[in-house]
Structures are given as structure tokens and as C-alpha cells.
Amino acid sequence: METKMNADPWANPRFQLWSVSSEPPTNTPLVEYGKANDKRFTIRVVHGGFFTDYPGKSYQTTKVNFISYVNIDLLNMEMLGCFSKSLGYTTMGNWYHMPTEENCGLTMIPILNDVCLGTFKMIVRAHQFREIEHLYVEHRLVFVPTNFPYFLMNSPSKRVEKLIHLFVTEHPMATVDDGIAYIRHMLNMTIPREKMEDAMDMAKENVIAWTNIV
């Protein structure tokens, strides 16, 4: 049974901002929103669980809801928070969208702010509002680096190098074992202890050198 949730409880139904349903739309977006539509679309939200790593190859304990009548001009981080509340959560959670070709080395891309959300909205427009878009959300505590979008690179070795540098910068007193666990958690890969030691030593030297310059 469909449960409709209006961001504005006083809104006339035909002007509703969005609605939530446990069932997929009966019609395709082209039929539901009309051929000339360039504003509204449907999001398939996977929630209620978590990724096996950050974010990884498997999402556990899956629930699915469909959010329809989403106006792309009104979609922002605050609205994602409203989506979470409509799904029964008290916090916004961590939202993710599927990567594009330039970020094909990663499984999911975090939506950290309106700039990140802008990338997802570009994908929606590229699909010409004719597809049901997919978003994932975790409502458990996970570490999402705030500058994540800026070091997405296709080369695994470069991603590891950037991750180690970020880790050492934010956790200068961390041990090598902490670093190994961090890389495993973030990229679902295990690197040799010797490589981690060398990489962390080099990253720490760079951090010290940069600090002296500043």
C-alpha cells in the first residue's frame, strides 16, 4: 500500500513535491511524467542496511522504496534529509550514487554536499528524466572523508597513495596496522605491510615538510 509524504502538508495533491511507495511505479517515467518532462523523476532508494566495506561490493539487509515526483530544481541536501525521515530514520544518513565512467574504479560515490549532489543531478538530466535513478543510504556511523570527490582516480595505486596521505594527515599518530585496516575498509584490498610502512613514512615526511613550509 502506497504511503504518500508531502514536504508541505498543506500542498494541494496535484502540486505535491514528492511521494514514497514500497512498490515501483506502475508506469514508466515517460508515461508517468509526460514526454516533454524536464523536471520530475523517480528515485529507487536502497536503505535499511550497510555496505560490507566502504562502500563496497555488497549491500546487506536491504530495504527498497521508491520516491516519485522529485523535482530536480528543488532537490538539495535538506530534501535528502526529508527523504530519510519519510523512510523512518531520525538522521539523514550517508547517501551514495552510482559512479560515472571517470570514477569507474569505485563502487559508490558519496553525496557529501550540494556540489556532490550536483553531479548526481547532471546524471539525471543526461538520462533525460526517462529512467528510475538509484541511490543508496547508510544510517550507521561510517567514516566518509570530506574531500573524497577530489581524489577519485582510475589508478588503484594512486587511490591507495591518496588514501594513505589523507589517513596520515588526519591521524598522524596511527600505527601501520591502523593504516592497513583503513585501506582494507575503504577499498576492499589488502596491501603488504612493507608497502604500507614505506607509504606511511613517506606521507608523514611530506606532512612534516609541508608544515615547516607553512
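What you see is a predicted model; the values in this text were computed from it and never measured.

A. Region of interest: the pairing of strand β5 (residues 94-97). As paired elements, β5 and strand β7 (residues 133-138) share 4 bridges and run antiparallel to each other. By the bridge assignment, W95 is partnered in β7 with V137. Across 3 bridges, the pairing between β5 and strand β6 (residues 109-111) is antiparallel. Its bridge partner lying in β6, W95 is registered against I111.

B. Seen up close, the environment of P99. Tracing the backbone shows P99 in the loop between β5 and β6. A sequence separation of 24 residues divides P99 from I123, and the C-alpha atoms of the two residues are 9.8 Å apart.

C. Quick peek at the pattern of salt bridges. Taken as a whole and judged by the stated rule, the model has 4 salt bridges. For the salt bridge of K39 with D73, the shortest nitrogen-to-oxygen distance reads 2.1 Å. With K39 in the loop between α1 (29-33) and β2 (40-51) and D73 in the loop between β4 (63-71) and α2 (77-86), the pair connects residues that are 34 residues apart, well separated along the chain. The partly exposed category is assigned to D73, whose relative accessible area is 43%. Among the salt bridges present, the one from R193 reaches D177, with a minimum N-O distance of 2.4 Å. Here R193 is found in helix α6 (residues 193-213), whereas its partner D177 is found in helix α5 (residues 176-187), with 16 residues between them in sequence. The exposure class assigned to D177 is partly exposed, which follows from its relative accessible area of 46%. Among the ionic contacts, a cluster of salt bridges with common partners joins K39, D73 and R125.

Parameters and conventions
- Residues numbered from 1 in each chain as written.
- Predicted model: local features only at pLDDT ≥ 70, side-chain atom pairs only at ≥ 80, totals over all residues.
- Heavy atoms only, no water.
- Pairing = 2+ DSSP bridges.
- Helix = DSSP H or I, 4+ residues; strand = E, 2+ residues; numbered from the N terminus.
- Salt bridge = Lys/Arg side-chain N within 4 Å of Asp/Glu carboxyl O.
- Buried < 20%, exposed > 50% of the residue type's maximum accessible area, 1.4 Å probe, protein only.

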